[in-house]
Amino acid sequence: MTEPRDRADRDDGLESEVRRIVDDLSLDERLHLMSGDGKWLRGNLEMAERYNAEPLVAGELPRHGLPGIRFTDGPRGVVMGAATAFPAAMARAATFDPTLEERVGDAIGVEGRALGANLFAGVCINLVRHPAWGRAQETYGEDSHLLGAMGVALTRGVRPHLLVCVKHFAVNRMENSRMWVDVRVDERDLHDLYLPHFRAVVDEGAESVMSAYNTLNGERCGQHHHLLTQVLKEQWGFDGFVMSDFTFGITSAAKAANGGLDMEMPFRMHFGRLRRLVRSGAVPGSRVADAAARVVRAQLRLRGRGEPARYTPEAVACPGHRALSREAAARGMVLLRNEPVAGAPVLPLDLATIRSVAVVGRLASLPNIGDLGSSQVHPPEVVTLLDGLQAAGTAHGFEVTYDDGTDPAAAAAVAGAADVAVVVVGSTFRDEGEYLLKAGGDRTSLRLRTADEDLVQRVARAQPRTVAVLMGGSSFVTDRWHHLVPGLLMAWYPGMEGGHALADVLRGAVEPQGRLPLTWPASGNDLPPFRRFARRITYGPLFGYRMREATGQRPSFPFGFGLGYAPVVWGAPVLAEVGDRPGDDGRVEVRVRVELTAPAGRDAVEVVQVYVPEVLGTHPAPLRTLRGFARAEVPAGTTVPVEVALTVPPGAAEVLVGPSSDPDALVVVPLS
Ligand code: BGC
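Residues numbered from 1 in each chain as written. Predicted model: local features only at pLDDT ≥ 70, side-chain atom pairs only at ≥ 80, totals over all residues. Heavy atoms only, no water.

Undergrad: Could you clarify how one ought to interpret the overall build of the protein chain in this entry?
TA: In terms of regular secondary structure, the protein chain is built from 19 helices and 28 strands. Rg of the C-alpha trace for the protein chain: 25 Å, near the compact-globule value of 26 Å for 672 residues, within the 12% margin. Across its three principal directions, the C-alpha atoms of the protein chain cover 80 × 60 × 50 Å. Relative to its full complement of 672 residues, the protein chain shows a buried share of 61%. Sequence separation of 24 or more characterises 77% of the internal contacts of the protein chain that already satisfy a separation of 6 or more. On the protein chain, roughly 23,600 Å² of surface is accessible, and the fraction owed to carbon and sulfur atoms is 52%. Mean positive and mean negative side-chain charge positions of the protein chain (72 and 81 charges, respectively) differ by 5 Å. (Helix = DSSP H or I, 4+ residues; strand = E, 2+ residues; numbered from the N terminus. Rg over C-alpha atoms; globule rule 2.2 N^0.38 Å. Buried < 20%, exposed > 50% of the residue type's maximum accessible area, 1.4 Å probe, protein only. Contact = heavy atoms within 4.5 Å. Areas by Shrake-Rupley, 256 points an atom, 1.4 Å probe, with all protein chains shown as cover. Lys, Arg positive; Asp, Glu negative; His and termini not counted. Charge placed at Lys NZ, Arg CZ, Asp CG, Glu CD.)

Structure (structure tokens):
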């Protein structure tokens, strides 16, 4: 991870201007900078009708030429207007491709600016400790390294155009009880496992941090002096501003201001008391001046940033951004099974022989692009999975028949009459998402609905060439039925072009190359404790693939796993370089190299993953931890060398290299 940037060097002249402006502000003006500008009643009514249709403004001071913070939510795209709906962040995580995520960030930045925003609050990097978390879809999975890499990439893409806010700081990963749950975490677990990805994004230059609703070890995150002031601002050198999560983010103005919160969003509620608290000495005036300086600094940082010629109404959901959404969706889909039927793998579809495809399942014709919470994007249209397959049928000469699966016997008959069946099942906003009146919340089960499990089995019995396509934002327990279908593909919430992306992958125009950003457990019992309406919960050091190793459980599909159509042959990985000087954190840089060969006749894609056995947090034994990865494109019939750079702790003896976290697939590379 990078060192905290030296802001003074980079911002020459900025600090004196910040000081000049803040010195010139009255107490009321300083306090004005510390909360959203909207009026409570009107603002709530507007948000209830259509959340974030317009930028949410905070701290506008025309006298000083300060435009205010103009907030748009994310991360599925820009929530305002009718913007491009990208695949959910979890789908993008599955690409294991920070370069692609940076391009998505660029498109989001351009659209946000074109729609009048200047801050994007869509870098959501909470770690999925349990796959039932309703908002897993908004983030990048269970691994801190991947979360950091993708969060940094999104930040890098957005920042040339907008300020960036990273959220929810910290340990927010339970939805239904998010407003009150007290999360107990040992300080070592917090620093080793739950915070490093936030540090990476802060070091990348995020100008804002949104605090979480939950409490951490007894104190609300928006009022947490240790978290906000000691760790974020003092240890990490963060000189941006901390905003509260919306409306219920804090309970005490004095605790929040003194704890390090700089802005109450989206309205002035508790912070309406700040003037009195400053007058009485309960909140020092210097703290208010510091908060004001932070909000001014962020606004000044935006000056001169950007490429105005790109911020036109036509840029919003333009063909180029839609094509990017399609590319990201296709590349994020994860092929989990591809078994032979009559001697050849069921996928890709052989369009020379296939004349008819039966599409089954209600989700196939639903614009199913994620939940209806604060990350909901409103694209001008959504290409459903059925739309995409029908368009491909027209273009490539196969017929598509559709049955929504309401009557499983009828659906099985339709499937049996075709050459291939694609059965679409999984989650919608009703099963998972932000916990709002509309629906969503944490999942009640990690399995498919019973009716969906039944439908898949019936279709598979009627049609040997059955491909199950799953939609959702997290992992599923599939043990009851996955062995019955030769083809299994996770499509996530694939954005506004998802149907075209699915067709691209099924017919082999795009190589399946997604890798799981979270473990798919063999059973719901193989997981850390989770209660939807918990008052208190302890987050320990074990979750995800590290928990699998510690407890010796075998998942159905491991973290990092995904198949391609073109099997890649791996050479023996070797150590290419070991750094001779440790960094400030004591870690040493190493480079690992491996040669990959693609079969003749088909380009391949592989994600080389490097795991390091490390003692982290309170768990006493070393467990394999992802520390580096590299996605490689390997042209048909060629061999390409791939290098992965990573850091290892002092004294590390070996690293493990392979195509997933599956121990059987990892090769040990000694470090000496
Ligand atoms: C969510 C945030 C979101 C905010 C604004 C909150 O309920 O937790 O992620 O940015 O609302 O709507």
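Back to the text.
Undergrad: How should I be thinking about the packing of helix α16 (residues 408–417) against helix α17 (residues 450–462) in this particular structure?
TA: The relative placement of two packed helices comes down to the angle between their axes together with the axis-to-axis distance. The interhelical angle for the contact between α16 and α17, taken along N-to-C directions, is 35 degrees, at an axis separation of 8 Å. In the packing of α16 onto α17, the handedness of the crossing is right-handed. Facing α16, whose interface residues are Pro408, Ala409, Ala411, Ala412, Ala415 and Gly416, α17 presents Asp454, Leu455, Arg458, Val459 and Ala462. Each residue belonging to the contact of α16 with α17 can be placed in one class, and the counts come to 8 nonpolar, 1 polar and 2 charged. (Axes fitted to C-alpha atoms, helices over the stretch in contact; angles between N-to-C directions. Left-handed = near helix turned anticlockwise from the far one by under 90°. Nonpolar A, V, L, I, M, F, W, Y, C, P; charged D, E, K, R; others polar.)

Undergrad: Even after reading the chapter, I still don't get the packing of helix α8 (residues 187–194) against helix α9 (residues 196–204), so can you show me in this structure?
TA: With their axes 6 Å apart at the nearest point, α8 and α9 run at an angle of 55 degrees to one another. Judged by the angle between their axes, α8 and α9 are oblique. Packed against α8, whose contacting residues are Leu190, His191, Asp192, Leu193 and Tyr194, the element α9 presents Pro196, His197 and Phe198 at the interface. Taken together, the residues that form the contact of α8 with α9 break down as 5 nonpolar, 2 polar and 1 charged. (Parallel < 35°, antiparallel > 145°, perpendicular 65-115°, else oblique.)

Undergrad: Would you mind showing me how to read helix α19 (residues 544–551) here?
TA: Because each turn of an α-helix spans 3.6 residues, side chains separated by three or four positions in sequence point in the same direction. Residues of α19 that are buried: Gly544, Tyr545, Arg546, Met547 and Arg548. Residues of α19 that are buried make contact with α8, β24 (604–614) and β25 (623–634). Looking one or two residues beyond α19, the residue adopting positive phi is Gly552, at roughly 70 degrees.

Undergrad: Before we go on, may I ask you to explain the pairing of strand β15 (residues 420–426) in this structure?
TA: Side chains on a regular strand alternate between the two faces of the sheet. Extensive coverage of β15 is indicated by the burial of 7 of its 7 residues. Here β15 shows no split at all, with Val420, Val422, Val424 and Gly426 on one side and Ala421, Val423 and Val425 on the other all buried.

Undergrad: Explain the nonpolar core to me, please; I cannot follow it from the model alone.
TA: Counting 128 residues, the largest nonpolar core has Phe71, Leu119, Phe169, Tyr194, Met243, Phe271 and Leu274 as the members making the most contacts within it. Here this core takes 10 residues from helix α13 (residues 285–302), the largest share from any one element. If sequence neighbours within four positions are ignored, Phe271 has contacts with Met34, Ile250, Ala253, Ala256, Ala257, Leu261, Asp262, Met263 and Glu264. Core analysis: the second largest hydrophobic core is formed by 33 residues, Leu347, Leu363, Leu386 and Ala501 among them. (Core = buried A, V, L, I, M, F, W, Y, C linked by side-chain atoms within 4.5 Å.)

Undergrad: It is not clear to me how the sheet that holds strand β20 (residues 536–539) should be interpreted in this structure. Could you clarify?
TA: Where strands meet in a sheet, backbone hydrogen bonds hold them as pairs that are either parallel or antiparallel. Pairing is mixed in the open sheet, where 4 strands are placed in the order β8-β7-β5-β20. This sheet does not close on itself; its edge strands, each paired only once, are β8 (219–220) and β20. Where strand β7 (residues 215–216) meets β8, 2 bridges bridge the pair, whose relative direction is antiparallel. Its bridge partner lying in β8, Thr215 is registered against Arg220. (Pairing = 2+ DSSP bridges.)

Undergrad: Explanation requested: the domain arrangement of the protein chain in the structure shown.
TA: Quite often, the size of an interface is put as the accessible area lost when its parts meet. Segmentation of the protein chain into domains returns domain 1 (12–310), domain 2 (322–518) and domain 3 (562–670). Computed from C-alpha atoms alone, the centre-to-centre distance between domain 1 and domain 3 is 34 Å. In this complex, domain 1 contributes 13 residues to the contact, which on the side of domain 3 involves 9 residues. Summed over both sides, the interface of domain 1 with domain 3 buries roughly 980 Å², with 65% coming from carbon and sulfur. Three residues stand out in domain 1 for area buried against domain 3, namely Phe96, His145 and Asp192, and they jointly supply 50% of the buried area on that side. The partner of Arg631 in a salt bridge is Asp97, and the shortest N-O contact between them spans 3.7 Å. For the pair domain 1 and domain 3, the interface holds 3 residue pairs in polar contact (both at pLDDT 80 or more). Within the residue set of the side of domain 1 that touches domain 3, elements represented by two or more residues are α7 (144–158) and α8. Looking at the side of domain 1 that touches domain 3, the element that brings in the most residues is α8, giving 4 residues. (Domains from an automatic or database assignment. Buried area = accessible area lost by both parts, 1.4 Å probe. Salt bridge = Lys/Arg side-chain N within 4 Å of Asp/Glu carboxyl O. Polar contact = N/O pair within 3.5 Å; in protein donor to acceptor, adjacent residues only side chain to side chain.)

Undergrad: What's the story with the pairing of strand β6 (residues 208–211) in this structure? I'm lost.
TA: Neither face of β6 is open: one carries Ser208 and Met210, the other Val209 and Ser211, and all of them are buried. Two strands pair when backbone bridges link them, and strand β4 (residues 163–169) and β6 are joined in this way by 3 bridges, in the parallel orientation. Residue pairing in the sheet places Cys165 in a bridge with Ser208 of β6. Relative to strand β9 (residues 241–243), β6 runs parallel, the two being bridged by 3 bridges. Counterpart to Val209 in the pairing with β9 is Val242.

Undergrad: Where do I start with the sheet that holds strand β3 (residues 119–124) in this structure?
TA: One open sheet holds the 6 strands; their spatial order is β1-β2-β3-β4-β6-β9, and the pairing between them is mixed. Of all strands in the sheet, those bounded by a partner on one side alone are β1 (56–58) and β9. Sheet twist, expressed as the average angle between the axes of neighbouring strands with direction ignored, equals 35 degrees. As paired strands, β3 and β4 are joined by 4 bridges and run parallel to one another. Across the sheet, residue Cys124 finds its bridge partner in β4, namely Lys167. The strands touched by α13 within the sheet are β1, β2 (69–73), β4 and β9, with β9 carrying the most contacts at an inclination of about 105 degrees.

Undergrad: Just checking my understanding: could you explain unusual backbone geometry for this structure?
TA: Cis peptide bonds are those with omega within 30 degrees of zero, and the linkage from Gly74 to Pro75 qualifies with 10 degrees. Relative to the elements of secondary structure, Pro75 occurs in the loop between β2 and α5 (89–93). Note that the residue after Met265, namely Pro266, is joined by a cis bond; omega there is -5 degrees. Within the fold, Pro266 resides in the loop between α11 (253–259) and α12 (274–279). A positive phi angle is found at Val171, which is not glycine, with a value near 50 degrees. Assignment of secondary structure puts Val171 in the loop between β4 and β5 (182–185). If you check the backbone angles, Asn217 has positive phi at about 50 degrees while not being a glycine. Tracing the chain through its elements places Asn217 in the loop between β7 and β8.

Undergrad: When you look at the site of the ligand in this model, what are you seeing that I'm missing?
TA: Lining the immediate surroundings of the ligand are 13 residues, of which Tyr51, Asp73, Arg135, His168 and Asp245 lie closest. Contact between the ligand and Asp73: an oxygen atom at 2.7 Å from a side-chain N or O atom of the residue. Here an oxygen atom of the ligand and a side-chain polar atom of Lys167 are 2.9 Å apart. Relative to its free-state accessible area of 310 Å², the ligand is covered by the protein chains to the extent of 94%. (Near = heavy atom within 4 Å.)

Undergrad: I would appreciate a short explanation of a nonpolar patch on the surface in the present structure.
TA: Residues Trp40, Leu41 and Leu45 make up a contiguous nonpolar surface patch of roughly 350 Å² in combined accessible area. Within the secondary structure, Trp40 sits in helix α4 (residues 40–49). On the basis of relative accessibility, which here comes to 45%, the residue Trp40 falls in the partly exposed class. (Patch = residues over 30% accessible without salt bridge, like charges linked within 9 Å, V, L, I, M, F, W, Y side chains within 5 Å.)

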